[in-house]
Amino acid sequence: MPPRPALNPDPATRAWAPAPGPAPRLLAMRGKLLPLAGLYLVQGLPYGLQSGLLPVLLRARGLSLTRVGLAKALYAPWLFKLVWAPLVDTRGSPRAWLTLSTAALGLVCGLLASHPPAAAGQAGLPVTVAGLLLLLNLAAAVQDVALDMLALRLLEPTELGPGNMVQVVAYKLGAVLAGGGLLAFGPTLSWPRLFLLLAATYWLAAALTWVAPALRQLPTPLPSEHPRHTLHLGQDLLAVPGTLWTVGFVLTYKLGEQGTSGLFPLLLLDCGISAPELGLWNGVGAVACSIAGSSLGGALLARRRQPLPLLKSALQFHLGGLACQTAMLFHLDSPGASLAPSTVLRGTALLSLCLQHFLGGLVTTTTFTLMMRCSQLAPSALQATHYSLLASLELLGKLLMGTLAGALADSLGPRLCFSVFLALSAAPMLYLGLAPNTLA
């Protein structure tokens, strides 16, 4: 005789009804994660273009590391998400915001198809291309706020680990498709064709978002749930338990990694590795490893692993990998050193890119889970704004070092610069010891 299902009191009928088993819960979670995965994938496309394609493209045309780093200033709209987050939080629905912002991304990509990138000998990006990329980031940043609001409303506390795994994995998959894929297959895919393909992808995603059943059924907050937008909004956000500590962590935990991940591939390019080979390893290979690391983080969190101990272990391994990269850099910076084909040093340098991205993916998924856990402690009508604050500051920390890394390398030299990055990577491990109990 099969065991009887657990019983649950049904408040509507005052009778006893079967409690939902693991299979219905799993199906319900998949119904939430699939639309999130598709939306986060298309959101990663602009980042992949600007982080994987443009730096190598500009460096191959002879631009200095400083100029290459300054191109990341086009990410500026992501730092101001808090400006429009309250509007997205309280006006309209996530479905409407996601549809409009995704359609806008398709429009900008269509315009970019008619404007080529920098030509050989040009000092930098053409003004028109830079302006369109800025608009691309603006539309993507609006989409990000709406998508985070959707995730906060859809996911239960026990679903945060798998949900953030899907977020990070899908986002990075979109990034590698748009960035490393173009470098690897650039000779067969021209700039206009690439952006026309992206425009069609965005418009298809916008149409699917508008008709998606899961998004049509989302409840809209009642007027009483709307936050009061006063001059004290910042105080209300910072008063959420654990916010101050989380702000400090997200500002600093990626400083060292961003410096090395942005510079190390460019220095390998200077040492003789070709752009297509670098695109294959630092684009497709490294991001595939990052996706694997993010998947491992989501799986561990789904098994009730606590984020803080997992973060400490991952950061320790990441610091060890960075120390190995720094040692290789010291060797490559010495006279007579080279990365000749079929040498152990060349293979080790390329494999180190994959290892660091694997550990970086594990760290990122765990950190985003911690951020979302902190935001769910806020009132429901403030949660998307609160998460936008944390996400903007997280990006600020990465963007600050990513922008300045080239200037630091040009002024201090690679050896001293990487030594600074190594010290910055050790600081977050000490900071974890100050984490509040509300986030444990």
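Residues numbered from 1 in each chain as written. Predicted model: local features only at pLDDT ≥ 70, side-chain atom pairs only at ≥ 80, totals over all residues. Heavy atoms only, no water.

Draft legend 1. Quick peek at the pattern of salt bridges. Applying the stated rule across the entire model yields 3 salt bridges. A salt bridge links K81 to D144; its shortest N-O distance comes to 2.4 Å. Of this pair, K81 sits in helix α3 (residues 81-90) while D144 sits in helix α5 (residues 127-154), and the two are 63 residues apart along the sequence. Like K81, the residue D144 is buried in the burial classification. Here K398 ties to E394 by a salt bridge, and the two come within 3.3 Å at their closest N and O atoms. Here the residue K398 and the residue E394 both occupy positions in helix α16 (residues 383-412), the gap between them amounting to 4 residues, near one helical turn. (Salt bridge = Lys/Arg side-chain N within 4 Å of Asp/Glu carboxyl O. Helix = DSSP H or I, 4+ residues; strand = E, 2+ residues; numbered from the N terminus. Buried < 20%, exposed > 50% of the residue type's maximum accessible area, 1.4 Å probe, protein only.)

Draft legend 2. Fine view of α3. Buried residues dominate α3, accounting for 7 of its 10 residues. Those residues of α3 that sit buried are K81, W84, A85, P86, V88, D89 and T90. Contacts from the buried residues of α3 go to α4 (94-112), α5, α10 (233-238) and α16. One or two residues past the end of α3 sits G92, with phi positive at roughly 75°. (Contact = heavy atoms within 4.5 Å.)

Draft legend 3. Seen up close, the packing of α4 against helix α8 (residues 191-211). Relative orientation of the contacting elements α4 and α8 amounts to 165°, with a least axis distance of 8 Å. If you check the angle between α4 and α8, you find them roughly antiparallel. Considering the relative orientation of α4 and α8, their crossing is left-handed. Side by side, α4 and α8 meet where R95, A96, L98, T99, T102, A103, L105, G106, L107, C109, G110 and L112 of the first sit next to W191, F195, L198, A199, Y202, W203, A205, A206, T209 and W210 of the second. Of the residues assigned to the contact of α4 with α8, the class counts are 16 nonpolar, 5 polar and 1 charged. (Axes fitted to C-alpha atoms, helices over the stretch in contact; angles between N-to-C directions. Parallel < 35°, antiparallel > 145°, perpendicular 65-115°, else oblique. Left-handed = near helix turned anticlockwise from the far one by under 90°. Nonpolar A, V, L, I, M, F, W, Y, C, P; charged D, E, K, R; others polar.)

Draft legend 4. Layout of the side chain of T367. Within the secondary structure, T367 is located in helix α15 (residues 344-375). On the basis of relative accessible area, T367 is assigned to the buried category, the value being 1%.

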